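Here are the chains, one letter per residue:
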Amino acid sequence: MPNVRLDSGLETLLERQRATRGPCALATIIGTEGSTYRKAGARMLIEADGRVTGLLSGGCFEGDLRERASSVLDSGVPVIAEYDMRGTDDLIFGIGAGCEGAMRVLIEPANPGGRAAAALELASRATQAGLEAALLIGVRGPREALGTRGWTAIASSPLTPELAAACQQAVAARGARTLRAGAGPTEADYWIEYLAPMPRVLICGAGADAEPLAALLAMLGVVVTVVDHRPAYAQAARFPRARVVLANAAELAQAVDLGSFIAAVVMSHHLASDASYLGALAASPVGYVGLLGPRARRERLLRDLNGPADRLAGRLRGPVGLDIGAVSPEAIALAIAAEIHAFAAGRPGGALAAPRPAPSPAT
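Below, the structure is looked at part by part. (Residues numbered from 1 in each chain as written. Predicted model: local features only at pLDDT ≥ 70, side-chain atom pairs only at ≥ 80, totals over all residues. Heavy atoms only, no water.)

Some remarks on the sheet that holds strand E14 (residues 288-291)
Pairing is parallel in the open sheet, where 6 strands are placed in the order E12-E11-E10-E13-E14-E15. Because the sheet does not close on itself, it has two edges, and the strands there are strand E12 (242-246) and strand E15 (316-317). In this structure, strand E11 (residues 223-228) lies alongside E12, joined through 5 bridges in parallel fashion. Bridge assignment links Thr225 to a residue of E12, and that residue is Arg243. Against the sheet, helix H7 (residues 271-282) touches strand E10 (200-204), E11, strand E13 (263-266), E14 and E15, its axis set at about 160° to E13. (Pairing = 2+ DSSP bridges. Helix = DSSP H or I, 4+ residues; strand = E, 2+ residues; numbered from the N terminus. Contact = heavy atoms within 4.5 Å. Axes fitted to C-alpha atoms, helices over the stretch in contact; angles between N-to-C directions.)

A closer look at the environment of Gly325
Structurally, Gly325 is set in the loop between E15 and helix H9 (329-345). Judged by its relative accessible area of 58%, Gly325 falls in the exposed class. For the pair Gly325 and Ala335, spaced 10 residues apart in sequence, the C-alpha to C-alpha distance is 8.7 Å. (Buried < 20%, exposed > 50% of the residue type's maximum accessible area, 1.4 Å probe, protein only.)

So, the pattern of salt bridges
For the structure shown, the criterion picks out 16 salt bridges. Here Arg174 makes a salt bridge to Glu132, at a shortest N to O gap of 3.3 Å. With Arg174 in the loop between helix H4 (161-173) and strand E8 (177-181) and Glu132 in the loop between helix H3 (115-128) and strand E6 (133-140), this residue pair connects regions lying 42 residues apart in the sequence. Judged by its relative accessible area of 24%, Glu132 is partly exposed. In this structure, Arg238 and Glu211 form a salt bridge, with 2.7 Å as the shortest nitrogen-oxygen distance. Placement of the pair is Arg238 in the loop between E11 and E12 and Glu211 in helix H5 (residues 210-219), with a sequence separation of 27 residues. Glu211 gets classed as partly exposed once you look at its relative accessible area, which sits at 30%. (Salt bridge = Lys/Arg side-chain N within 4 Å of Asp/Glu carboxyl O.)

Comments concerning unusual backbone geometry
For residues besides glycine, phi is generally negative; the peptide bonds are generally trans as well. With an omega of 5°, the peptide bond running from Gly318 to Pro319 counts as cis. Tracing the chain through its elements places Pro319 in the loop between E15 and H9. Although it is not a glycine, Arg174 sits at a positive phi angle of roughly 55°. Although it is not a glycine, His269 sits at a positive phi angle of roughly 60°. Along the polypeptide, His269 turns up in the loop between E13 and H7.

Concerning the sheet that holds E6
The strand order across the open sheet formed by 4 strands is E7-E6-E9-E8, and the pairing between neighbours is antiparallel. Across the chains shown, the open sheet's two edge strands, defined by having one partner strand only, are strand E7 (147-151) and E8. In this sheet, adjacent strand axes meet at a mean angle of 25° when their direction is disregarded. Sitting on the sheet, H3 touches E6, E7 and strand E9 (188-195), and the angle it makes with E7 is about 35°. Relative to the sheet, H4 contacts E6, E7, E8 and E9, its axis offset from that of E8 by approximately 165°.

These figures capture arrangement, not role.
What follows is the structure, given as structure tokens:
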């Protein structure tokens, strides 16, 4: 399955942080037990005026986090908050969350230009470029050890050799790990979060119905490229969160690096162009190839392709998207984005649970 990161929260937090330019704190879940709304690695940005970006608990204890964040901004010292909602009486806050879980949250200063902000920026740039990264989070030890640092294989690291090696091992294993480093007064515990590259999706065709698809995929944390041969369509202003490429369909393999995409959607509404796109994608390693349009059109295109069509076996989704009864461009975009998300996550894309049967009538 694709090795990609499906959580778009990091980019959302960074966008808000760049916009505010003021003091803010970063709250990161560093451990959970039982059933919780979010898991380790989820983050929330808390500004000095109390505005928050992101959620850690669905609103259960964000108020308490705001108060703690205010103290962190005043002192500059990171703190760890623990929330346990496993008790039936809900003795902590009386909020009746019913999550039946517990979590530990690190709250640290994340002002623009500071260490935490720089770490998130480093990780974001790397994963958007198709690279892996790690975030090293000090969770116990002296004050200077607490907080978030970033690591990538291609950037010079300010970490000690021991910490850098641990980050490298986490990336090699493609998973989180814990570490106890140092000795005596410098001993500290760390949680290392592995970040896979952000998924990259290619949209072949820049018609009006490509706009909501590109926008929705971007909201999900996908790096989107849109290609079209028509200058009137291939305009960056129409796709503000995507890369737009003007190129003939027959030159697709030369215009973009097909090996960098986990999925492609062919939707130019131009038969010859769609055939050229499918031919190029048939020769590529792209694991998900979506084709907009009815089955009869799909069969005609595959007949026109002849031999190369066999190389799309097991990869072509046509008609593209989940069956949600979509009719409008926005709903079709939702159906396509959901199917791509399911593919990237290695899920079948069905319902999470079947409807509960109606109770039997009383006898």
